[in-house]
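Chain residues, written in single-letter form:
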Amino acid sequence: MPTFEPFDVVRVPFPYTDRPVRQRRPALVVAAGRLAQDHGLLWVVMITSAAHRSWPGDVLVSDLRAAGLPAPSVVRCAKMATLELVHAVRLGTLPATDRSAVAVQVAAVLAGLDG
């Protein structure tokens, strides 16, 4: 079974909220550890093109090479999913300089606050 850490960038079949399809796309692991070990699951947030309309709480990825991303991208902290880890492929890791901003935005979403 593959292992992942928080802040790993992965490619997963991310579900859409407005249609019954999944598209293989990059996402950021926000929880793994016991969740992965005990249940085979990951909590991830979407990564999308920086060219799309921005949302409150988006965090720009500062180092595309380290993250394994081909184009300017943002972590869309408002779009979270639970996925089976067997479907995830590691692409890279979120740069350390971006992690605190993502952690703040994810915590705000989970707490029901405006981030």
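Each remark here, short or long, concerns the structure printed above.
Please read all numbers here as calculations on a predicted model, not as lab measurements.

Mind showing me how you'd approach unusual backbone geometry here?
Among all residues except glycine, the phi angle is most often negative; among peptide bonds, the trans geometry is most common. Backbone geometry at Phe7 places phi at a positive 80°, although glycine is not the residue there. In this structure, Phe7 sits in the segment before strand E1 (8-15).

Can you walk me through a nonpolar patch on the surface in this structure?
A contiguous nonpolar patch, built from Trp43, Met80 and Leu110 and spanning about 280 Å² of accessible area, is present on the exposed surface. Within the secondary structure, Met80 sits in strand E5 (residues 73-84).

Honestly, the pattern of salt bridges in this entry has me stumped. Any pointers?
Oppositely charged side chains can form a pair if their charged atoms are brought close together. The tally for this structure, following the rule as stated, stands at 3 salt bridges. We note a salt bridge from Asp38 to Arg34, for which the minimum N-O separation is 3.0 Å. On the criterion of helical spacing, the pair formed by Asp38 and Arg34 is a turn pair, its members being 4 residues apart in helix H1 (residues 33-39). Residue Asp38 is classed as partly exposed on the basis of its relative accessible area of 44%. Between Arg76 and Asp58 there is a salt bridge, and its shortest N-O distance comes to 2.8 Å. In this pair, Arg76 sits in strand E5 while Asp58 sits in strand E4 (residues 58-60), placing the two residues 18 residues apart along the sequence. With respect to burial, Arg76 and Asp58 carry one shared label: buried.

Could you clarify how one ought to interpret helix H3 (residues 96-111) in this entry?
Helical geometry note: an α-helix holds 3.6 residues per turn, so side chains three or four residues apart project in the same direction. Compared with the 22 Å implied by 1.5 Å per residue over 16 residues, the 23 Å span of H3 between its first and last C-alpha is a close match. Those residues of H3 lying buried are Asp98, Val102, Gln105, Val106 and Ala108. Projected down its long axis, H3 carries its buried residues within an arc of 155°, all on one side. Across H3 from its buried face, at more than 90 degrees, point the exposed residues Ala96, Ser100, Val104, Leu110 and Ala111. Backbone geometry just after H3 places Gly112 at a positive phi near 80°.

Calculation notes
- Per chain, residue numbering runs from 1 following the sequence as it is written.
- The predicted origin of the model limits local features to residues at a pLDDT of at least 70 and limits the giving and counting of side-chain atom pairs to 80 or more, whereas totals for whole chains, interfaces and linings rest on all residues.
- To obtain the side-chain values, all non-hydrogen atoms of the structure were used and water was disregarded.
- Here a strand is any run of E in DSSP of at least two residues, a helix any run of H or I of at least four, and the numbering for each starts at the N terminus.
- For patches, a residue must show more than 30% relative accessible area and have no salt bridge; joins then use 9 Å for like charges and 5 Å for nonpolar side chains, namely Val, Leu, Ile, Met, Phe, Trp and Tyr.
- Per-residue and other accessible areas were derived by the Shrake-Rupley procedure at a 1.4 Å probe size, with only the shown protein chains allowed to occlude residues.
- For this analysis, a salt bridge means a side-chain nitrogen from Lys or Arg found within 4 Å of a carboxyl oxygen belonging to Asp or Glu.
- Categorising residues by exposure relies on relative accessible area from a 1.4 Å probe, with only protein chains included: less than 20% of the type maximum marks a residue as buried, more than 50% marks it as exposed, and the intermediate range marks it as partly exposed.
- A helix's residues, less one, multiplied by 1.5 Å, set its expected span.
- Directions are taken from the helix axis to each C-beta atom, and the arc is the one they span.

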